[in-house]
Amino acid sequence: MHGATHLTRSACVCAVAVVLAATGCGGGGGAAGGPDGIVTSSWGDPQNPLEPANTNEVQGGKVLDMIFRGLKRYDPRTGEAEDMLAERIETGDSTNFTVTIKNGWTFSNGEPVTAKSFVDAWNYGAHLKNNQRNAYFFGYIDGYDDVHPESGQPTARTMSGLKVTGDRTFTVKLTQKFSTWPETLGYAAFSPLPSTFFSDHAAWLAKPVGNGPYAVDSYARGSQMSLRRWDGYPGDDKARNGGVDLTVYTDNNTAYTDLTAGNLDLVDDVPAAQLRNVTADLGDRYINTPAGIIQTLAFPYYDPDWNKPGQEKVRKGLSKAINRQQITDTIFQKTRTPAKDWTSPVLGPDGGYDDGLCGEACTYDPAAAKKLVAEGGGIPGGQVRIAYNADSGSHKEWVDAVCNSINNALGNDKACVGNPVGTFADYRNQITASKMTGPFRAGWQMDYPLIQNFLQPLYYTNASSNDGKWNNEEFDRLIDQANAETDPARAIDTFKRAEGVVRDQMAAIPLWYQNGSAGYSDRIANVSLNQFSVPVYEEITVN
Amino acid sequence: MGRYVIRRLLQMIPVFIGATLLIFLMVNVMGDPIAGLCGQRECDPATAAQLRKEFGLDKPVWQQYLTYMGNLFTGDFGTAFNGQPVTELMADAFPVTIRLTLVAIFFEVVIGITLGVLTGLRRGRPVDTGVLLLTLVVIAVPTFVTGLLLQLLLGVEWGWIRPSVSSEATLDELIVPGLVLAAVSLAYVTRLTRTSIAENRRADYVRTAIAKGLPRRRVITRHLLRNSLIPVVTFIGADIGALMGGAIVTERIFNIHGVGYQLYQGILRQNTQTVVGFVTVLVLVFLLVNLLVDLLYAVLDPRIRYA
């Protein structure tokens, strides 16, 4: 009996506490505006530990873009690689490079950025023992095989191709001619690292220190990161706001709801379900701009059924059977653009983008499609099964639409079906193990805005992302030739000839270019997305 | 009583081992998680092998399980793929979910039992019918519908609450999510209490108590309610475990970084260490709460004794 009294009493106290707390809330803290205003933005939990050479997805990349500056930086508007910390990068033979870095740069903890900051960081990134997911970025540097052998243990601690020759100079020796190599150096994996990264790694991970316009103020892993403008930043792209608070959202729908309720300033991933309302909700505060992402259908060339001579006709036929315009308009609400080549519009015509390259092979023409498929000997096994992972994105919807389009064109409602795979990991597993039995969804987000990056990793023999194991001697020869070319314009021309081989063989069916989509509140202005569909945070102003 | 508790605690050991083994095997069946770690691109074989070694994925499953269990006894729950120790994830997630569960249970107890007593004493009257209908609606509508509707109405349209919960997840922010989470169970608690009260109202001891001239209030709270609470306590006890594990939907809607969120992430990334760790703790919570419920019986009804 005594126990029961006690129970009810504590319940009452609890009730009062909750009510008090409830009335105490309301009216959120109205943050300051002007040059010191803080921008709140949605975020996703980075998948891997937050290190420059270990981050290969957008969410972690977003932070690296704020807290790091490398030798080069891609102009957020044109995508051109411009010198940032690099004073000059010189080469006579496209193999040996001498890098000189600018004077006066420091990390936000005061440590100067020297040649050693780069060389140490690159050696760390390449070394097998450090498990860096992006280690292969250093694969062109001489001595990479010693620190990162394909099997067995590393035999060296540093790459022989990297040498510090002065406080602000170092030399790089590549294993092959690579004329556009300096332009790859804007990628985050090539960022310099302060000595505290090596001396107290755990502390660095808990609160990363870089040399960019922002410094990390606090970081609660998995939920929030507060970045503040670093006033000592020497670059000319200083932050025009006081800082950015990144909040992890479990669901991008909730982030969007928060934006419409006025609790969040910026959402850089408008959920598919909201695309219909987004113009009504946000008006011109909705951004939908091209990004360096292309989606394709890859084929399993390791399967003899899919690799018979003359079958490029079947692949071309399938490509012509897909009504890209209709699918991008209805399913993606114009956040995708029908593909006209195998690169991306963000490269621009000078960078190698060519909207006439695919030509009629990418034009919807049901009659010609049917004819081509028949000429090529019909679909292997009588049915196309398009594989995709069902756990994220709206892949099911567009795969079904593509299949519908193919079925209609071929006049056979069993010609194409979707083949869902449960999780992304399992999907990647089947691809890695070469177990695909038909075409499968492939997406490519560029690492740097170079035509080389859209071709070599995807179609070169045994390249890192050549998931379909396509190989073509002519293509490989042209890529080698382009890489050895010292004149950038001629190099791009040769890359385009290589892309022509991809087209003639229809190595993969290009589907559409993906746009970056973002929405923002009327509290902030000057919001734009760069070619990687990441907001250009330092340019945002708070009203 | 003491022996009973010890016996129950000992019984937990096989349940615990069985449950972890099952989860371990289930997550393992999903395949090699390393493949998904490098994004759209294949991990280079050397790095993949190195990662596999670091996470112990290169060993046979039984060996992985034994190592895992061995580490567990030293308090080491392994490392998540993002480099964070799982114990750190737990320290972040469990307090949030426990707070959310407490808010939910609070609503269940206060609103559920009050409504139950009210309707149980007025069977057949308009109040009774009204509440019955209401509970029917609540049970029939799925949690995510209630959640999204309340979020839209209270958060966006009327601006009474923030549509999402901040990373601190304070008690006042959790009121609406807690109510959403509790809604269905609350309806059940109401119905259970109502039936139980209505049944016991005609019991001899209640008549005796009334005949003794005890005040009505005392009859209801001390005699009627106390005896009617046994099935309700059983339900609420079982519900604590269910709420903690089943908060995924609510946590997702209101952006709460609790256990549900971590489990969801763990499953998507096929992170064995995270999933098994969290489920293990949930199993323990479930077992302990059940023991507590059984012990509470004796408090409510002294006739129930444990030798």
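Residues numbered from 1 in each chain as written. Chains lettered and ligands numbered in written order. Predicted model: local features only at pLDDT ≥ 70, side-chain atom pairs only at ≥ 80, totals over all residues. Heavy atoms only, no water.

The name given to chain B in an unreviewed UniProt entry is ABC transporter permease, with Streptomyces pratisoli as the source organism.

Going by what an unreviewed UniProt entry lists, chain A is known as ABC transporter substrate-binding protein and is assigned to Streptomyces pratisoli.

Q: Explain the overall build of chain B to me, using residue names and the numbers behind them.
A: Counting its secondary structure elements, chain B contains 12 helices and zero strands. Seen in sequence order, chain B has helices and strands lined up from the N terminus as α-α-α-α-α-α-α-α-α-α-α-α. With respect to the principal axes defined by its C-alpha atoms, chain B has extents near 85 × 55 × 30 Å. Taken over 307 residues, chain B has a buried fraction of 49%. Look at the contacts in chain B between residues 6 or more apart in sequence, and 78% of them connect residues 24 or more apart. As displayed, chain B has an accessible area near 14,600 Å², and 68% of this comes from carbon and sulfur atoms. Side-chain charges in chain B split into 27 positive and 20 negative, and the spacing between the mean points of these groups amounts to 18 Å. (Helix = DSSP H or I, 4+ residues; strand = E, 2+ residues; numbered from the N terminus. Buried < 20%, exposed > 50% of the residue type's maximum accessible area, 1.4 Å probe, protein only. Contact = heavy atoms within 4.5 Å. Areas by Shrake-Rupley, 256 points an atom, 1.4 Å probe, with all protein chains shown as cover. Lys, Arg positive; Asp, Glu negative; His and termini not counted. Charge placed at Lys NZ, Arg CZ, Asp CG, Glu CD.)

Q: So what about the confidence of the model for chain B? Which residues, and what values?
A: In this model, chain B carries a mean pLDDT of 87, and residues with pLDDT of at least 70 account for 99%. The complex model carries a pTM of 0.84, and its ipTM stands at 0.84. (pLDDT = per-residue confidence, 0-100.)

Q: Let's hear about the pattern of salt bridges: which residues, and what values?
A: With the rule as written, the count across this model stands at 31 salt bridges over all chains. Its salt-bridge partner being Arg8 of chain B, residue Asp294 of chain B comes within 2.3 Å of it at the nearest N-O pair. In this pair, Asp294 of chain B sits in helix H12 (residues 272-300) while Arg8 of chain B sits in helix H1 (residues 2-29), placing the two residues 286 residues apart along the sequence. Summarising the burial analysis for this pair, Asp294 of chain B and Arg8 of chain B share the class buried. Taken together, the salt bridges that share partners define one network made up of Asp65, Arg69, Arg73, Asp237 and Glu538 of chain A. (Salt bridge = Lys/Arg side-chain N within 4 Å of Asp/Glu carboxyl O.)

Q: Which residues make up the domain arrangement of chain A, and what values go with them?
A: Residue and element names in this part refer to chain A. For chain A, the assigned domains are domain 1 (70-206) and domain 2 (291-515). Using only C-alpha atoms to locate each centre, domain 1 and domain 2 end up separated by 33 Å. With both sides pooled, the region where domain 1 packs onto domain 2 buries about 1,200 Å², and carbon together with sulfur makes up 58% of that total. Of all residues in domain 1, Lys177, Ser179 and Thr180 bury the most surface against domain 2, accounting for 27% of the area lost on that side. Summed over the shared surface of domain 1 and domain 2, the result is zero salt bridges. At the boundary of domain 1 with domain 2, the tally comes to two residue pairs in polar contact (both at pLDDT 80 or more). Looking at the side of domain 1 that touches domain 2, its residues break down into five nonpolar, seven polar and two charged. (Domains from an automatic or database assignment. Buried area = accessible area lost by both parts, 1.4 Å probe. Polar contact = N/O pair within 3.5 Å; in protein donor to acceptor, adjacent residues only side chain to side chain. Nonpolar A, V, L, I, M, F, W, Y, C, P; charged D, E, K, R; others polar.)

Q: Which residues make up the sheet that holds strand E5 (residues 96-101) of chain A, and what values go with them?
A: Residue and element names in this part refer to chain A. Taken in spatial order, the four strands of this open sheet run E4-E5-E7-E6, and their pairing is antiparallel. Where the open sheet ends on each side, the last strands, each with one partner, are strand E4 (86-91) and strand E6 (162-164). Going across the sheet, the axis of each strand differs from the next one's by a mean of 20°, ignoring polarity. Bridge count for E5 against strand E7 (residues 169-173) is five bridges, and the pairing is antiparallel. Paired with Asn96 across the bridge in E7 is Lys173. (Pairing = 2+ DSSP bridges. Axes fitted to C-alpha atoms, helices over the stretch in contact; angles between N-to-C directions.)

Q: Pulling in residues and values, what's your account of the pairing of E5 of chain A?
A: Residue and element names in this part refer to chain A. In the sheet, E4 pairs with E5 via five bridges, with the strands oriented antiparallel. Within the sheet, the bridge partner assigned to Ala86 lies in E5 and is Ile101. The turn joining E4 and E5, which pair antiparallel and follow one another in sequence, is formed by four residues; a positive phi near 60° is taken by Ser94.

Q: Got a sec to walk through the environment of Ile379 of chain A? Specific residues and values, please.
A: All names here are of chain A. Relative to the helices and strands, Ile379 is located in the loop between helix H12 (366-375) and strand E14 (384-389). Given the relative accessible area of 13%, Ile379 is considered buried. For the pair Ile379 and Thr494, spaced 115 residues apart in the sequence, the C-alpha separation amounts to 33 Å. When near neighbours in sequence (up to four residues on either side) are disregarded, Ile379 contacts Trp306, Val314, Leu318, Val373, Val384, Leu410 and Ala415.

Q: Explain the side chain of Asn134 of chain A to me, and be specific about the residues and the numbers.
A: When you line up the elements, Asn134 of chain A lands in the loop between helix H3 (115-126) and helix H4 (144-147). For Asn134 of chain A, the contacting residues outside a window of four places in its chain are Pro52, Ala53, Thr55, Asn56, Tyr187 and Ala189 of chain A.

Q: Give a description of the side chain of Thr55 of chain A that names residues and reports values.
A: Residue and element names in this part refer to chain A. Considering the arrangement of structural elements, one finds Thr55 in the loop between strand E1 (38-43) and helix H2 (58-67). In terms of polar contacts, Thr55 uses its side chain to reach the backbone carbonyl oxygen of Glu51, at 2.9 Å. Discounting chain neighbours no more than four positions away, the residues touching Thr55 are Pro49, Leu50, Gly60, Gly61, Leu64, Asn134 and Tyr187.

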